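These are the residues of each chain, in order.
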Protein chains: 2
Amino acid sequence: MTKRMGSQTVAINSNVSLLSGAAIAGKKEGEGPLKKYFDTILEDAEWGEQTWEKTESKMQKEAVITAINKANCRVNDIHYIFAGDLLNQCIGTSFGIRELQFPFFGLYGACSTMAESISLSAMMIDGGFAQTCVAATSSHFCTAERQYRMPLEYGGQRTPTAQWTVTGAGAAVLASGGTGPYITHITTGKIVDMGVKDANNMGGAMAPAAIDTLKAHFEDTGRMPNYYDLIVTGDLGQIGSEIVKELMPDMGYDMSQNYNDCGCMIFDMEKQDVHAGGSGCGCSAITLTGYLLEQLKTKAINNLLFVATGALLSPTSTLQGESIPSIAHAVAISNTMNA
Amino acid sequence: MTKRMGSQTVAINSNVSLLSGAAIAGKKEGEGPLKKYFDTILEDAEWGEQTWEKTESKMQKEAVITAINKANCRVNDIHYIFAGDLLNQCIGTSFGIRELQFPFFGLYGACSTMAESISLSAMMIDGGFAQTCVAATSSHFCTAERQYRMPLEYGGQRTPTAQWTVTGAGAAVLASGGTGPYITHITTGKIVDMGVKDANNMGGAMAPAAIDTLKAHFEDTGRMPNYYDLIVTGDLGQIGSEIVKELMPDMGYDMSQNYNDCGCMIFDMEKQDVHAGGSGCGCSAITLTGYLLEQLKTKAINNLLFVATGALLSPTSTLQGESIPSIAHAVAISNTMNA
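Parameters and conventions
- Residues numbered from 1 in each chain as written.
- Chains lettered and ligands numbered in written order.
- Predicted model: local features only at pLDDT ≥ 70, side-chain atom pairs only at ≥ 80, totals over all residues.
- Heavy atoms only, no water.
- Contact = heavy atoms within 4.5 Å.
- Buried area = accessible area lost by both parts, 1.4 Å probe.
- Salt bridge = Lys/Arg side-chain N within 4 Å of Asp/Glu carboxyl O.
- Polar contact = N/O pair within 3.5 Å; in protein donor to acceptor, adjacent residues only side chain to side chain.
- Helix = DSSP H or I, 4+ residues; strand = E, 2+ residues; numbered from the N terminus.
- Phe/Tyr/Trp six-rings, centres within 6.5 Å; stacked < 30°, edge-to-face > 60°.
- Buried < 20%, exposed > 50% of the residue type's maximum accessible area, 1.4 Å probe, protein only.
- Lys NZ or Arg CZ within 6 Å of the ring centre and 35° of its normal.
- Expected span 1.5 Å × (residues − 1).
- Bend = angle between axes of the 7 residues up to and from the residue.

1. Details of the interface of chain A and chain B
Every contact between the two is made by 61 residues of chain A and, on the other side, 61 residues of chain B. Buried surface at the junction of chain A and chain B, both sides included, amounts to about 5,000 Å², of which 60% is carbon and sulfur. On the chain A side of the interface with chain B, the three residues burying the most area are Q89, F129 and I191 of chain A, jointly 16% of the side's total. Taken together, the links from chain A to chain B amount to six salt bridges. Residue E322 of chain A pairs with K54 of chain B through a salt bridge whose shortest N-O separation is 3.3 Å. Counting the contacts that link chain A with chain B gives 34 residue pairs in polar contact (both at pLDDT 80 or more). Counting residues per element, the side of chain A that touches chain B draws most heavily on helix α3 (residues 113–126) of chain A, which supplies six residues.

In structure tokens form, the structure reads like this:
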């Protein structure tokens, strides 16, 4: 069977199962609507560590270990780990997983990392290079705020379009065989930059990338949106997901019945004062490894299209007057083998 | 044929050729011993751009376009690009390649990125997911200095163990078929951290990771060092490569006749005042895509083991008292098919 479908999609023809997922969530996320799906909820921002960066590393490590335990794997069974995060030089990951001693491919995909890591894990397994892989990522509100924006102590006012970086670490174990849910298709995004320069409106900047990847996925696979029980984008929040809802029908894709965004799902948008919604690598990661995977395992949904989105800017590029290049990667997950 | 060999190595069983390489080098690098192997040598640090970060992005873009042209590929033939760099949020890459419109997997492997990007490209092609891939990375002395160390205008004194970040961008085109040289084996590194905390001695910090990966490669493949005409590490410089030379024989691996380090090869260590040698993603990248690839194509060498090394620290982790997690990835390249 051919693996390539169209210009951006490949089919995973062998059985590659999402064996298990683990979600470590922050306190605020643990007060939100998905709280019962998280493995661990932190009681404070530090979790016993002296710096927030060390907390984030500890979260990523715990997510990986928890996912491996839930999959009943031995550590020696893990052939590769694909992981990354938002911190400069991805230290959330490198310090988080350094004791685990897995062959490691470091990724930087901003908030698209969970889809990127699952994509590469699934392709490595389907390609015969690995039996079992781990895909992982993390973000932390406090590490992100001080790195990207302001010292937290400054208490800066946030704009209405700003999103709240999720404190969360997600990890998934993927393996050849298993009883599903199965990774069936991977649509890899291109960089899309429509010229948005407002770093306080990441949802608006990333929405065109999500639309571009969704369109490619539907064209490449010949599927229409109603094939899926649920289509979720990563962290477009209210502004970005409204753009998706408005523009997809113009291209002939009706997603009015089965579309949502992890940035809108993870918080109670009425009560939790997160402005335009959640963001960060952890947002789509723990929504997937916590809530969505459970929905698949219980057959509440059977076909999921998971589209994580990333804004590939830095504070330096913004200071230099640049716009925000964005990307989105899509992973189709199904309870049906070779769906 | 089985693809997995031992715990960290896979064999690339189909013919995956390194079709072409391109090397864009800075002025200082263009005055060094490898100058005649570079496609373009910059006349100054800016190359017509207003900021060094924009220069680095332009270098990476030009390296990719040059490599594609040299491979006689059409842009539409490129199924994936694997790329990353040292800058916060990898903006050298995201702004460099945003106009090229290739499906993009962003990597962060610090100075190991060229080996990481080639590893994943080769596996994607061998696994049947792509016909042609691009692997790319870059570094720039000025962007690295101001991000990791001091404002350049400050003119800080450098320690004797410090290395000089190479201004360089390298890109390689890999494809199924072709006439070689062929990627034959991939040994993926684990994070190794022996507790070195001196961010001015990266070679010393990274040497144990290089040794760990070399040892894994020899054990997994059953090869001895003399199988290779040349074994090169990425950017250990004088300090780190001395450690490799000293410790490998203790483990039964004699590399006295065929080992060198890109950080020692790229500069004239006597005359160019680079202290312990070159470093940065661009160091091993342009040594490979410029000099080493030419040596393979002219059969001056026929079997190369390319081991790029990365230090996975950040200025924040150093300020928080952390040691330096390091990694090394090895790629075996041969003029003989299925060697």
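2. Here's the deal with the packing of aromatic side chains
Residues and elements named next belong to chain A. Considering all chains together, one arrives at 14 aromatic pairs over all chains under this definition. Seen in terms of ring centroids, Y80 and F82 are 6.3 Å apart; in terms of plane orientation they differ by 55 degrees. Their pairing is tilted. Neither Y80 nor F82 differs from the other in exposure class; each is buried. An aromatic cluster is defined as three or more aromatic residues linked by ring pairs; in this entry it consists of Y80, F82 and F105. The lysine or arginine in question, K28, covers the ring of W164, its NZ or CZ lying 4.2 Å from the ring centre. Lying over the aromatic face of W47, K58 brings its terminal NZ or CZ to 4.6 Å of the ring centre.

3. Let's talk about the pattern of salt bridges
By the definition in use, this model includes 25 salt bridges over all chains. Note that D77 of chain A and R74 of chain A form a salt bridge whose closest N and O atoms lie 3.0 Å from each other. A salt bridge links D193 of chain B to R98 of chain A, with the shortest nitrogen-to-oxygen separation between them at 2.6 Å. In this pair, D193 of chain B sits in the loop between β10 (182–187) and α5 (202–221) while R98 of chain A sits in the loop between α2 (91–97) and β6 (104–106), so the two residues belong to two different chains. For D193 of chain B, a relative accessible area of 23% corresponds to the partly exposed category. Using a relative accessible area of 17% as the deciding quantity, one classes R98 of chain A as buried. When salt bridges that share partners are traced, they join K54 and R98 of chain A together with D193 and E322 of chain B into one network.

4. Topic: helix α8 (residues 281–297) of chain B
Residue and element names in this part refer to chain B. The end-to-end C-alpha distance of α8 is 23 Å, a good match for the 24 Å that 17 residues give at a rise of 1.5 Å each. The sharpest bend along α8 comes to roughly 40 degrees, located at L288. Of all 17 residues making up α8, 15 are buried, and the element is well covered by its neighbours. Residue K299 follows α8 closely and has a positive phi angle near 65 degrees.

5. Comments concerning helix α1 (residues 52–70) of chain B
All names here are of chain B. For α1, spanning 19 residues, the distance from its first C-alpha to its last is 27 Å, which sits close to the expected 27 Å at 1.5 Å a residue. Where α1 is concerned, the buried positions are W52, E53, T55, E56, S57, M59, Q60, A63, V64, T66, A67 and I68. A positive backbone phi angle near 55 degrees is found at N72, which sits one or two residues after α1.

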